[in-house]
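# Summary of the model geometry
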Amino acid sequence: MMSNPNKHIILFLWLLLLTTCQNEASKTDKDYNPIVANSVDRDLDTIKEDGVLRALVVYSSTSYFLYRGQPMGFEYELLRQLAEHLNLKLEIVVSKNLDNEFEVLNRGDVDLVAHGMTITKQRQWEVDFTEYLYLTRQVLVQRKPDNYRQLSYKSLSKAVVNDPIELIGDTVSVRKNSSYFERLQSLSNEIGGDIIIDTLDSSLSTGEIIDKVVSGEIKYTIADENLAKINASYSPILKIDVPISLSQRIAWVTRKKSKLFRAEIDKWILSRRNKKAFNIVYNKYFKNKRSFKRRTKSDYYSLTNNQISRYDDLIKSYAKTLDWDWRLLAAQVYQESRFDPTASSWAGAEGLMQVMPNTAEALNISDPSNPEQSLKGGTKYLRQLYEQFAHIPDKLNRIKFTMASYNCGLGHVQDAQRLAEVNGLDPIQWEDSVEDMLLALRYPKNYNHKVVKYGYVRGSEPVNYIAQIFERYNHYKQFID
């Protein structure tokens, strides 16, 4: 007996629907990324609303460091330009663990991972990359024999690795979650032999790992060629000419959900990449070998010494008389003179603390260019000003009022306090109150007000003075114990 043809059609359609649903479910399961789904919803509008660009950087010899009291670095300089372009305040966060940077980014602690990361498919599953900043390739970093200068080319060639295939059965040391680790795994497969991968502490920068090769603590590592070259300029015992990869793109990292933010950064990078200003910054950190050597040999280079300036001991001593963090006083000294005891201003201020002649006489400073006299007199004057604000309970506010008075005069700061009261603002609060009134004192309607005794002041000077000192102080706290 023949079956009903309609039943076959219905059965066929039901099986087709079931298969389609299973395929869709399988596709959904495959495409679903819990890391991205659970990441914070923060895009350009929220970042702009906060007014802060929070960027995660690596403390290294090229990315971000302190030299002669000044924060420097390839990423740091570019980030300052980007923050200015976006009209945002820059907040630097130093990475303590290179293995959890994407986690820090996705939970919203920062909005940008700003150090050179190789774009790989594996990483793109979790995060997005900006337009690339530059191209490089990975190379093997190895140590030549101690007597390499006495060896012939042939003898030297026999003593070192000249082809990646020679690494079969040997050990190469890299961080586990680095692109170098991924590349070594792929290389082992390509050359048909095992390379033993020794995984290093995730807090180590590539420069620090290269130093371990120099010291003989590890035998080999992998590095981006531009990093390897600049480090080899300081350590000629390194051999860095064996390529491990083809050209690769180096970029910054954003959350997948931050599409508008990434698009804005991409547009900014494309407008600058390969232009003269960008190349100047790149060459400064990756090609200028003389400058790199000078920094790394300096006592005032934060990666090798816990020092800010040659006057650290004096600054520490006189900071105690104020009960201030010595790094904060150091930031003020830098602001005044860049640690140059012979510095002088157009107005006649001299020395480390840029004390004016009349003030120097009152403070018994006979030689303003003498570092100890200048610091002793300058901190004595700071202490006198500090006492004028004893009624301010918050120490940080009290210090800002003191520094502003040091810069533009006690009378002008007190005028700004009185003007704040008239305008219903808090006279003992610096930010969004007295600093605004100092800025307002450049207008006749304010400096002619009956509560104002000392008249016009160019308020942008003390306001910027305070902002720059505390910005520098925050850098010093990152680097100096």
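Before reading on, note that the structure itself is shown above.
Below: a short report on this structure. Just so we're clear, the structure is a prediction, and the values are computed from it rather than from any experiment. (Residues numbered from 1 in each chain as written. Predicted model: local features only at pLDDT ≥ 70, side-chain atom pairs only at ≥ 80, totals over all residues. Heavy atoms only, no water.)

Looking at the secondary structure, you find Leu187 in helix α8 (residues 179-191). Distance in space between the C-alpha atoms of Leu187 and Ser157 is 22 Å, their sequence separation being 30 residues. Those residues in contact with Leu187 that sit more than four places away from it in its chain are Pro164, Ile195 and Ile244. (Helix = DSSP H or I, 4+ residues; strand = E, 2+ residues; numbered from the N terminus. Contact = heavy atoms within 4.5 Å.)

Tallied over the entire structure, the rule returns 24 salt bridges. One salt bridge in this structure joins Arg107 and Glu103, with 3.1 Å as the shortest N-O distance. Across the salt bridge formed by Arg418 and Asp415, the nearest N and O atoms sit 2.6 Å from each other. On the criterion of helical spacing, the pair formed by Arg418 and Asp415 is a turn pair, its members being 3 residues apart in helix α19 (residues 410-422). Under the relative-accessibility criterion, Asp415 is labelled buried at 0%. Linked by salt bridges that have partners in common, Arg42, Asp50, Asp111 and Arg255 make up one network. (Salt bridge = Lys/Arg side-chain N within 4 Å of Asp/Glu carboxyl O. Buried < 20%, exposed > 50% of the residue type's maximum accessible area, 1.4 Å probe, protein only.)

Topologically, Ala55 is positioned in strand β1 (residues 52-57). Assessed through its relative accessible area of 0%, Ala55 is described here as buried. For the pair Ala55 and Asp43, spaced 12 residues apart in sequence, the C-alpha to C-alpha distance is 14 Å. Those residues within four positions of Ala55 in sequence are excluded, and the remaining contacts are Leu79, Glu91, Ile92, Val93, Val110, Leu112 and Ala114.

On to helix α11 (residues 259-272). With 14 residues, α11 extends 20 Å from end C-alpha to end C-alpha; this agrees with the ideal 20 Å at 1.5 Å per step. Turning to α11, its buried residues number three or more, namely Phe261, Arg262, Glu264, Ile265, Asp266, Trp268 and Ile269. The secondary structure elements touched by the buried residues of α11 are α3 (44-50), β1, α4 (74-86), β5 (112-118), β6 (128-129) and β13 (248-254). At the exit of α11 stands Asn274, carrying a positive phi of roughly 70 degrees. (Expected span 1.5 Å × (residues − 1).)

Here we take up the side chain of Ser405. Within the element layout of this structure, Ser405 appears in helix α18 (residues 395-408). When near neighbours in sequence (up to four residues on either side) are disregarded, Ser405 contacts Leu385, Phe389, Leu410 and Val413.

Here the focus is the nonpolar core. Phe74, Leu79, Leu112, Trp252, Ile315 and Met403 are the most contacted members of the largest nonpolar core, which totals 106 residues. Sorting elements by how many residues they give to this core places helix α22 (residues 460-479) first, with 8 residues. Excluding residues that lie within four positions of it along the chain, Ile315 makes contacts with Ser309, Trp326, Leu329, Ala330, Val333, Phe339 and Leu375. One finds Val141, Leu204, Ile210 and Ile240 within the second-largest nonpolar core, a separate group that totals 13 residues. (Core = buried A, V, L, I, M, F, W, Y, C linked by side-chain atoms within 4.5 Å.)

So, about the sheet that holds strand β12 (residues 238-243). Strand order in this open sheet of 3 strands is β11-β8-β12, and the pairing throughout is antiparallel. Lying at the two open borders of the sheet, with one neighbouring strand each, are β11 (220-224) and β12. Averaged over all neighbouring strand pairs, the angle between strand axes comes to 35 degrees, with direction disregarded. Note: strand β8 (residues 138-143) against β11, 5 bridges, orientation antiparallel. Residue pairing across strands places Gln138 opposite Asp224, the latter belonging to β11. Packed onto the sheet, α8 meets β8 and β11 and runs at close to 115 degrees relative to β11. Lying over the sheet, helix α10 (residues 225-232) contacts β8, β11 and β12, oriented at roughly 115 degrees with respect to β11. (Pairing = 2+ DSSP bridges. Axes fitted to C-alpha atoms, helices over the stretch in contact; angles between N-to-C directions.)

A cluster of basic residues, Lys229, Lys287, Lys289, Lys293 and Lys297, forms a positive patch at the surface. Among the elements that take part in the positive patch, helix α13 (residues 289-297) stands out by supplying 3 residues, more than any other. Here Lys297 lies in helix α13. (Patch = residues over 30% accessible without salt bridge, like charges linked within 9 Å, V, L, I, M, F, W, Y side chains within 5 Å. Areas by Shrake-Rupley, 256 points an atom, 1.4 Å probe, with all protein chains shown as cover. Lys, Arg positive; Asp, Glu negative; His and termini not counted. Charge placed at Lys NZ, Arg CZ, Asp CG, Glu CD.)

The two faces of a sheet get side chains in turn, since along a regular strand they alternate between them. With 6 of 7 residues buried, β13 lies mostly within the body of the structure. Across 3 bridges, strand β7 (residues 134-136) lies against β13 in antiparallel orientation. By the bridge assignment, Tyr134 is partnered in β13 with Ile250.

Before going further, it helps to spend a moment on α22. Here α22 is 20 residues long and its end C-alpha atoms lie 29 Å apart, about the 28 Å a rise of 1.5 Å per residue gives. For α22, the complete set of buried residues consists of Pro462, Val463, Tyr465, Ile466, Ile469, Phe470, Arg472, Tyr473, His475, Tyr476 and Phe479.

The next thing to look at is the side chain of Lys239. Take Lys239: it is sitting in strand β12. Side chain to side chain, Lys239 and Asp241 meet in a polar contact 2.7 Å long. Those residues in contact with Lys239 that sit more than four places away from it in its chain are Leu140, Val141, Gln142, Lys144, Val160, Val161 and Asn162. (Polar contact = N/O pair within 3.5 Å; in protein donor to acceptor, adjacent residues only side chain to side chain.)

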